[in-house]
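Chain by chain, the residues run as shown.
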Amino acid sequence: MAELTTLREAVAALIKDGDQVACEGFTHLIPHAAGHEIARQKKRNLSLVRMTPDLIYDQLIGMGCARELTFSWGGNPGVGSLHRFRDAVENGWPNPLVIHERSHADLANAFAAGAAGLPLAIMRGYIGSDLPKHNPQIKTLLCPFTGETLAAVPSVRPDVAVIHAQRADRKGNVLLQGIVGVQKETVLASKRAIVTVEEVVGSLDAPRNAVILPNWVVSAVCVVPRGARPSYTEGYYDRDNGFYKAWDVIAREREVFLAWMTKHVMSTADFADYERSIAAEQPKQVSHG
Amino acid sequence: MAELTTLREAVAALIKDGDQVACEGFTHLIPHAAGHEIARQKKRNLSLVRMTPDLIYDQLIGMGCARELTFSWGGNPGVGSLHRFRDAVENGWPNPLVIHERSHADLANAFAAGAAGLPLAIMRGYIGSDLPKHNPQIKTLLCPFTGETLAAVPSVRPDVAVIHAQRADRKGNVLLQGIVGVQKETVLASKRAIVTVEEVVGSLDAPRNAVILPNWVVSAVCVVPRGARPSYTEGYYDRDNGFYKAWDVIAREREVFLAWMTKHVMSTADFADYERSIAAEQPKQVSHG
Amino acid sequence: MADATYSADEMMTIAAARLLRNRMVCFVGIGLPSAAANLARLTHAPDIVLIYESGTIGTKPSVLPLSIGDGELSATADTVVSVPEMFRYWLQGGRINVGFLGAAQIDRFANINTTVIGPYGKPKVRLPGAGGAPEIAASAGEVFIVLRQSARAFVEKLDFITSAGHLDGGDARKRAGFPGKGPTVVITDLGVLRPHPETKEFELVALHQGATREQAIAATGWKLKVADALETTPPPTKDELEVLRALHARTARAHGSSTVAA
Amino acid sequence: MADATYSADEMMTIAAARLLRNRMVCFVGIGLPSAAANLARLTHAPDIVLIYESGTIGTKPSVLPLSIGDGELSATADTVVSVPEMFRYWLQGGRINVGFLGAAQIDRFANINTTVIGPYGKPKVRLPGAGGAPEIAASAGEVFIVLRQSARAFVEKLDFITSAGHLDGGDARKRAGFPGKGPTVVITDLGVLRPHPETKEFELVALHQGATREQAIAATGWKLKVADALETTPPPTKDELEVLRALHARTARAHGSSTVAA
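Residues numbered from 1 in each chain as written. Chains lettered and ligands numbered in written order. Predicted model: local features only at pLDDT ≥ 70, side-chain atom pairs only at ≥ 80, totals over all residues. Heavy atoms only, no water.

## Overview of the relation of the copies chain A and chain B
Stage number 1. Laying chain A over chain B is done by rotating through 180 degrees and shifting 0.0 Å along the axis; what remains is an RMSD of 0.0 Å. Expressed as an axis order, the relation between the two copies is that of a two-fold axis.
Stage number 2. By residue overlap, the copies meet face to face through one surface: 100% of the interface positions of chain A are interface positions in chain B. (Least-squares fit on C-alpha atoms with pLDDT ≥ 70 in both. Contact = heavy atoms within 4.5 Å.)

Here's what the structure looks like:
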């Protein structure tokens with residue numbers, strides 16, 4: 001049953017060192033504030049899962065929170081590379097990172113299978129691709145009806161799901177709208193779930209068939225306005241494309257990255273404090289307003 | 001690409017004798033008008049698929065349209081038996097009916113697998129049940145990751161899907177709201193799709209993430225007001241529970257059934273004509289107004 | 001305290017409702033289970049989460065649905081999902097605490113038949129079939145079954161196992177790999193049956209006030225075992241009866257007649 | 001008729017756009033494919049159905065998205081579905097006519113590498129990885145590929161096949177059981193390549209005006225075959241250029257700078 005709590009309390013109580021954690025959000029609704037809090041609390045040895053590691057995992061990987069990463073596309077969307085991700089894979093900095101690489105279709109199916117309580121998903125996938133040669137978890141099955149060879153992949157069933165959503169009601173029921181990605185599946189596939197929201201309202205007033213997570217599948221709801229920034233929340237604020245570009249510069253060198261994270265994330269109390277910090281520092285370059 | 005056409009033209013053009021046809025709608029939005037038209041055009045040798053045969057298939061089975069039936073629950077909801085279905089299974093009247101019996105979870109998965117272009121679905125199902133002994137299509141698979149034995153069932157990929165929906169726009173895009181059952185899956189699993197709607201509007205004005213079928217996955221859109229009756233269409237009219245009870249009397253005896261179908265369905269031109277016919281006949285008993 | 005004039009059906013529904021606890025997530029079958037589950041919601045379990053296989057989650061109907069997909073279920077739900085999602089994410093996904101089922105026939109291990117009387121290929125009576133029950137019986141945390149007790153319904157041997165209870169008893173269910181515990185209670189118009197901890201054979205553990213051990217034995221097609229410490233179900237309270245009768249009265253007004261049709 | 005002053009990138013985008021037909025259902029990759037697909041929609045193919053893997057179906061963005069899930073895609077879509085549904089029902093379900101992809105590297109059979117340069121376990125360059133491409137390449141009716149031509153991108157041998165084209169050529173694709181036809185065209189800043197009907201090796205079949213056969217050969221890491229009847233791409237029309245430039249200008253204003261980042 002969802003508890004309304006602070007993000008600091010939720011991360012402290014629900015994420016343990018060594019957990020498998022899936023912070024999801026497909027371009028839209030990426031839970032950046034929660035990512036910061038995981039870094040701030042120096043969680044270690046995490047097994048991170050996410051279709052698109054994006055800036056949120058570039059930060060966690062660079063801060064040494066992760067021992068392994070399951071992913072399907074590791075770039076800075078529309079900009080280029082994720083430098084911290086690359087540095088970990090290419091040079092093992094700050095620590096070696098075991099990668100489990102899959103495709104979007106695979107991971108989307110794997111989250112759905114996890115939500116469905118199944119140990120595997122089947123799909124028509126990876127035909128002719130080299131990925132199965134390097135990921136022994138990608139197997140095949142013969143269809144007993146047609147004889148077709150299909151890919152069989154393990155479902156994903158994280159310890160903790162972390163997502164951001166538009167809003168919750170006072171009982172902790174959560175509404176997601178717009179590009180909803182695999183977040184519902186991620187929450188339902190996971191043992192525990194942290195949801196940050198823009199606001200808590202008296203009634204969701206959701207249209208019929210909207211994407212809703214009832215409070216009894218959510219562990220904690222935390223109000224964090226703008227908590228998806230630099231990603232966006234439909235109906236609240238736009239994607240901060242400038243920040244994605246600026247990140248390319250920040251993350252390129254280890255020292256610059258560490259200094260930036262130390263100053264703006266590790267030394268701030270929470271996301272509001274972080275926002276003040278970067279607003280004061282780089283009023284032009286990082287248009288985070 | 002959806003054509004706006006009459007139901008008579010759509011059924012004539014898109015359903016052939018011998019086709020596998022799935023008229024779907026889970027209690028809500030059952031396409032009764034389309035069912036009538038299939039009977040009226042004396043389609044024969046159909047392989048019918050539907051989770052809950054309900055009155056719509058009781059009528060088609062009793063009129064001799066079906067050679068086989070795939071289903072998972074064959075009763076008159078809240079009332080009792082489907083007498084025409086039982087007569088066909090127990091006595092082979094009006095013709096023998098081959099049944100392929102499955103569970104709800106199986107057929108729901110099978111439609112979803114069909115929509116996903118897969119030959120099979122896997123599920124945790126039928127454990128300890130006698131159904132697999134009588135349906136050789138229900139097989140098992142070993143999970144290559146956990147060794148768990150799971151049920152493997154063939155996907156359903158009908159020739160024709162038939163559904164009813166609230167409305168379409170002028171381009172033929174279709175909106176469904178409320179209890180949406182397996183209709184989206186049925187349409188996407190099928191080669192062709194007929195959709196009857198309450199009305200055509202200038203714009204769907206659908207909320208984000210509503211259940212929408214784009215016009216390019218629909219073959220024909222036909223305006224048939226009240227076309228789900230005695231089922232219901234959320235936002236338009238309620239379920240005619242009285243008719244479901246009256247059907248128990250109408251369908252119990254072959255002669256009564258045939259006389260009723262002949263008078264009200266086979267001898268009427270379309271659904272509006274049918275409505276006039278039963279309104280004139282039984283203003284009290286069948287409260288179809 | 002207790003109302004002296006109530007029917008055996010009312011007692012059965014009330015006894016079943018009492019077993020549901022607040023905040024439970026309950027996958028509800030139509031008919032008797034639905035009446036009991038909504039009675040629980042309207043009395044001691046206001047935050048119980050009721051789910052119907054039509055995709056309606058957290059529904060709070062003011063009248064009992066005649067079908068599993070009445071508009072009332074959709075209109076009062078927290079969310080409405082597709083039927084594939086319902087069976088995949090919510091039931092098979094392990095989110096259900098209690099599957100609440102009715103049955104046409106059960107045996108001593110609470111296996112359920114809703115398919116055929118007589119041989120499958122040439123049935124004497126063709127029943128509706130499985131619906132959602134086989135997978136509810138497998139995947140729900142536990143299963144409650146409610147049905148009227150009679151020798152025709154409580155049989156020595158089922159012609160067909162549609163939905164598995166404890167199969168042939170003992171640890172058969174565990175060996176078969178079920179995720180859920182299976183049937184933990186059967187509530188009838190005469191009393192309450194629970195499985196023996198070892199054999200899993202269902203035994204009479206409580207009688208409703210007024211019902212007798214002999215009645216229960218006569219209404220059971222197998223040699224019914226009776227617990228040493230046979231309890232008596234407390235009779236309906238005034239509140240329970242009032243709420244149940246008001247629910248049925250609202251339902252009758254809404255549907256035009258009785259809603260607990262077979 | 002034609003505007004004499006246009007860039008090779010503009011010609012590439014316009015040549016790619018021309019290959020899309022009205023009412024096609026096109027699964028669009030970000031970057032160059034997205035620019036070409038939207039140019040087609042804004043010129044000769046107003047009813048083309050554009051789908052992005054973020055779940056946006058029938059989207060009509062007025063500016064090019066920087067990411068695969070920009071708000072503009074959602075706000076202008078006919079419908080927005082979940083990502084699992086997108087890959088299951090729409091792509092694997094066989095509803096896509098054309099998968100429109102970019103690439104970091106391709107070989108002569110239009111196999112694509114977007115994973116690593118160098119050995120997988122110790123890469124020289126770690127690229128972003130697969131994304132949706134392996135299954136787009138498998139399940140779309142056919143695949144169009146657009147990328148700038150260079151010896152670094154058009155290589156003799158890929159270090160890694162992320163998404164299969166025609167594998168090692170001939171009927172390899174058919175034997176492997178792909179539902180879709182695979183890559184049928186590669187559009188570059190120099191010209192157009194199509195597979196030989198038998199060998200499936202991609203050959204130069206057209207040069208954009210101003211580009212030379214020698215340039216194309218030099219910008220290809222394998223021994224490029226050139227069709228006997230080498231065509232010349234008609235230069236951009238005034239309308240094509242105007243629409244494309246207006247699209248890029250709107251996009252730059254919306255995003256603050258260039259949108260076709262690597």
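## Some details on helix H2 (residues 32-42) of chain D
Residues and elements named next belong to chain D.
Stage number 1. Buried residues dominate H2, accounting for ten of its eleven residues.
Stage number 2. Along H2, the residues classified as buried are Leu 32, Pro 33, Ser 34, Ala 35, Ala 36, Ala 37, Asn 38, Leu 39, Ala 40 and Arg 41.
Stage number 3. Packed against the buried residues of H2 are helix H1 (8-18), strand S1 (25-28), strand S2 (49-52), strand S5 (98-101), strand S10 (142-146) and helix H8 (238-255). (Buried < 20%, exposed > 50% of the residue type's maximum accessible area, 1.4 Å probe, protein only. Helix = DSSP H or I, 4+ residues; strand = E, 2+ residues; numbered from the N terminus.)

## Side note on the pairing of S5 of chain D
All names here are of chain D.
Stage number 1. Burial along S5 is two-sided: Val 98 and Phe 100 facing one way and Gly 99 and Leu 101 facing the other are all buried.
Stage number 2. Looking at chain direction, S5 and S10 are connected through four bridges and run parallel. Note on S10: the bridge partner recorded for Val 98 is Glu 142. (Pairing = 2+ DSSP bridges.)

## Overview of the interface of chain A and chain B
Stage number 1. Contacts between the two partners involve 29 residues from chain A and, on the opposite side, 29 residues from chain B.
Stage number 2. Here chain A and chain B share an interface that buries about 2300 Å² over both sides, 69% of which is from carbon and sulfur atoms.
Stage number 3. Interface area lost by chain A to chain B is led by Ile 122, Phe 145 and Asn 209 of chain A, which between them contribute 28%.
Stage number 4. Between chain A and chain B we count two salt bridges in total.
Stage number 5. A salt bridge links Glu 234 of chain A to Arg 208 of chain B, with the nearest nitrogen and oxygen atoms 2.7 Å apart.
Stage number 6. Viewed at the interface, chain B and chain A are joined by six residue pairs in polar contact (both at pLDDT 80 or more).
Stage number 7. Of all elements in the fold, only strand S8 (120-123), strand S9 (139-142) and strand S10 (149-154) of chain A reach the threshold of two or more residues within the side of chain A that touches chain B.
Stage number 8. Looking at the side of chain A that touches chain B, the element that brings in the most residues is S10 of chain A, giving four residues. (Buried area = accessible area lost by both parts, 1.4 Å probe. Salt bridge = Lys/Arg side-chain N within 4 Å of Asp/Glu carboxyl O. Polar contact = N/O pair within 3.5 Å; in protein donor to acceptor, adjacent residues only side chain to side chain.)

## Some details on the domain arrangement of chain A
Stage number 1. Each domain of chain A was delimited in the assignment, giving domain 1 (3-101 + 157-279) and domain 2 (120-154).
Stage number 2. Domain 1 of chain A and domain 2 of chain A are separated by 30 Å when their C-alpha centres are compared. (Domains from an automatic or database assignment.)

## Examining helix H1 (residues 7-14) of chain B
Residues and elements named next belong to chain B.
Stage number 1. All buried positions along H1 are accounted for by Leu 7, Ala 10, Val 11 and Leu 14. The arc enclosing the buried residues of H1, seen along the axis, measures out at 95 degrees, which places them on a common side.
Stage number 2. Tucked into the core, H1 has its buried residues touching helix H2 (32-40), strand S11 (160-169), strand S13 (192-201) and strand S15 (220-223). (Arc of directions from axis to C-beta.)

## Comments concerning the pattern of salt bridges
Residue and element names in this part refer to chain D.
Stage number 1. One pass over the full model with this rule turns up 56 salt bridges over all chains.
Stage number 2. With its nearest N and O atoms 2.8 Å apart, the salt bridge here joins Arg 108 to Glu 156. With Arg 108 in the loop between strand S6 (105-106) and strand S7 (112-113) and Glu 156 in the loop between S10 and helix H6 (172-176), this residue pair connects regions lying 48 residues apart in the sequence.
Stage number 3. For Arg 108, a relative accessible area of 17% corresponds to the buried category.

## Considerations on the environment of Asp 239 of chain C
Residues and elements named next belong to chain C.
Stage number 1. Along the chain, Asp 239 turns up in helix H8 (residues 238-255).
Stage number 2. The class for Asp 239 is partly exposed, based on a relative accessible area of 43%.
Stage number 3. Along the chain, Asp 239 and Thr 43 lie 196 residues apart, while their C-alpha atoms are 8.0 Å from each other.

## Structural notes on the packing of helix H3 (residues 54-62) of chain A against helix H4 (residues 83-91) of chain A
All names here are of chain A.
Stage number 1. Look at H3 against H4: their axes get within 7 Å of each other, and the N-to-C directions meet at 45 degrees. Judged on the interaxial angle alone, H4 and H3 are oblique. Viewed along their axes, H3 and H4 form a crossing whose handedness is left-handed. Along its contact with H3, which presents Asp 58, Ile 61 and Gly 62, the element H4 presents His 83, Arg 84, Phe 85 and Ala 88.
Stage number 2. Along the lines of polarity and charge, the residues of the contact of H3 with H4 split into three nonpolar, two polar and two charged. (Axes fitted to C-alpha atoms, helices over the stretch in contact; angles between N-to-C directions. Parallel < 35°, antiparallel > 145°, perpendicular 65-115°, else oblique. Left-handed = near helix turned anticlockwise from the far one by under 90°. Nonpolar A, V, L, I, M, F, W, Y, C, P; charged D, E, K, R; others polar.)

## Quick notes on unusual backbone geometry
All names here are of chain A.
Stage number 1. That bond from Trp 93 to Pro 94 is cis: its omega, 0 degrees, falls within 30 degrees of zero.
Stage number 2. Topologically, Pro 94 is positioned in the loop between H4 and strand S7 (98-101).
Stage number 3. One non-glycine residue, Lys 42, lies in positive phi territory at about 50 degrees.
Stage number 4. Locating Lys 42 in the fold gives a position in the loop between helix H2 (32-40) and strand S3 (46-49).

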